[in-house]
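Architecture and fold: a report
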Amino acid sequence: MDKLSGADNQNFIASFNKLQSAMNYISGQKEQEFGILFSRMLKKGNPVIQRYQNFLDSVRDLRNILVHNNLPSGSQYATVTQELTDNLDKITDQLLHPVTIDRDFLKKVHCFQSSDHLSELLSAADKYSLTHFPIFDGDHFVTVLSENGVMNWLAASVTSSLLDIDNSRIIDSLKYEEQRHPVVFVKKDASVYSILEIFVSSARRGLGNPVILIADKRPIKGPSDIKGIITLSDMAQIVSIIENEA
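Notes on the structure in this doc start here. (Residues numbered from 1 in each chain as written. Predicted model: local features only at pLDDT ≥ 70, side-chain atom pairs only at ≥ 80, totals over all residues. Heavy atoms only, no water.)

A closer look at the environment of Leu66
Examined against the element boundaries, Leu66 turns out to sit in helix H4 (residues 53-68). When its relative accessible area of 0% is taken as the criterion, Leu66 is described as buried. In the structure, Leu66 is positioned 116 residues away from Pro182 in sequence and 47 Å away in space, judged by C-alpha atoms. (Helix = DSSP H or I, 4+ residues; strand = E, 2+ residues; numbered from the N terminus. Buried < 20%, exposed > 50% of the residue type's maximum accessible area, 1.4 Å probe, protein only.)

Comments concerning helix H1 (residues 7-27)
The end-to-end C-alpha separation of H1 is 30 Å, in line with the 30 Å expected for 21 residues at 1.5 Å each. The inward-facing, buried residues of H1 abut helix H2 (34-43), helix H3 (47-51), H4 and helix H5 (82-96). Of the residues flanking the end of H1, it is Gly28, one or two places downstream, whose phi is positive at about 75 degrees. (Expected span 1.5 Å × (residues − 1). Contact = heavy atoms within 4.5 Å.)

Digging into the packing of H2 against H4
Where H2 contacts H4, the two axes come as close as 11 Å, and the packing angle between them is 170 degrees. Between H2 and H4, the interaxial angle falls into the category roughly antiparallel. In contact with Phe34, Gly35, Phe38 and Leu42 of H2, H4 contributes Gln53, Leu56, Asp57 and Arg60. Class assignment for the residues of the contact of H2 with H4 results in four nonpolar, two polar and two charged. (Axes fitted to C-alpha atoms, helices over the stretch in contact; angles between N-to-C directions. Parallel < 35°, antiparallel > 145°, perpendicular 65-115°, else oblique. Nonpolar A, V, L, I, M, F, W, Y, C, P; charged D, E, K, R; others polar.)

Focus on a negative patch on the surface
Together, Glu83, Asp86, Asp89 and Asp93 make up a negatively charged patch on the protein surface. Positionally, Asp89 belongs in helix H5. The partly exposed category is assigned to Asp89, whose relative accessible area is 32%. (Patch = residues over 30% accessible without salt bridge, like charges linked within 9 Å, V, L, I, M, F, W, Y side chains within 5 Å. Areas by Shrake-Rupley, 256 points an atom, 1.4 Å probe, with all protein chains shown as cover. Salt bridge = Lys/Arg side-chain N within 4 Å of Asp/Glu carboxyl O. Lys, Arg positive; Asp, Glu negative; His and termini not counted. Charge placed at Lys NZ, Arg CZ, Asp CG, Glu CD.)

Notes on unusual backbone geometry
The peptide bond linking Arg218 to Pro219 adopts the cis configuration, its omega dihedral lying at 0 degrees. Within the secondary structure, Pro219 is located in the loop between strand E5 (211-214) and strand E6 (228-230).

Examining the packing of aromatic side chains
Considering all chains together, one arrives at six aromatic pairs under this definition. For the ring pair Phe112 and Phe133, a centre distance of 6.0 Å and an interplane angle of 70 degrees mean the geometry is edge-to-face. Here Phe112 is found in strand E1 (residues 112-113), whereas its partner Phe133 is found in strand E2 (residues 132-137), with 21 residues between them in sequence. Of the two residues examined, Phe112 and Phe133, each falls in the buried class. Ring pairs connect the aromatic residues Phe12, Phe16, Phe34 and Phe38, which therefore count as one cluster. (Phe/Tyr/Trp six-rings, centres within 6.5 Å; stacked < 30°, edge-to-face > 60°.)

Below is the structure:
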């Protein structure tokens, strides 16, 4: 049989070529071959290519067999389904039009000065259900204080009989962060895939759960530059968005 006979095979090859063109476009290349693009985008950490790495490796092999090899009649390995082609089209769309975090995660972020009273932070935490608090010293970004750090400070103050919430300052609690979580700054056009990869990479390297601050300006010049915050509690929403795109 003709190795490219049948509408399914032809549609598959057409979709594969569209994917390769998209990869060339994103990589700033003109007509680079798929294998080189694939390896280069993996090395650079493209989140879509990373997510579908095994699938793309398989369809690359299938494409090569269809185009370059003569297969025995009725070979099941060369059978292409519409579902396979549809998945290729979805990956191409995700490469060219990734879902970005500005769609769901831009929001008012409650920032605090290190000189603020802890009572102000605790009041805001209770009122707005906050768990992480970006801390500034004037316009200089200092760190992100977590609710665990605050609780550690409370416990230490009670134990030492020095608890005085009304007169205590946020700066007094900063040293009680039991684990310095990585603080990562991203722009609002970052893809949800890249956000997931930040959490996965951090866990893989044993760095703890990152706190992601959305800010288009670097360096940060004040609290107003922070346009959103993403923490571990947002992972269910991130995963749901990605699964709906898949």
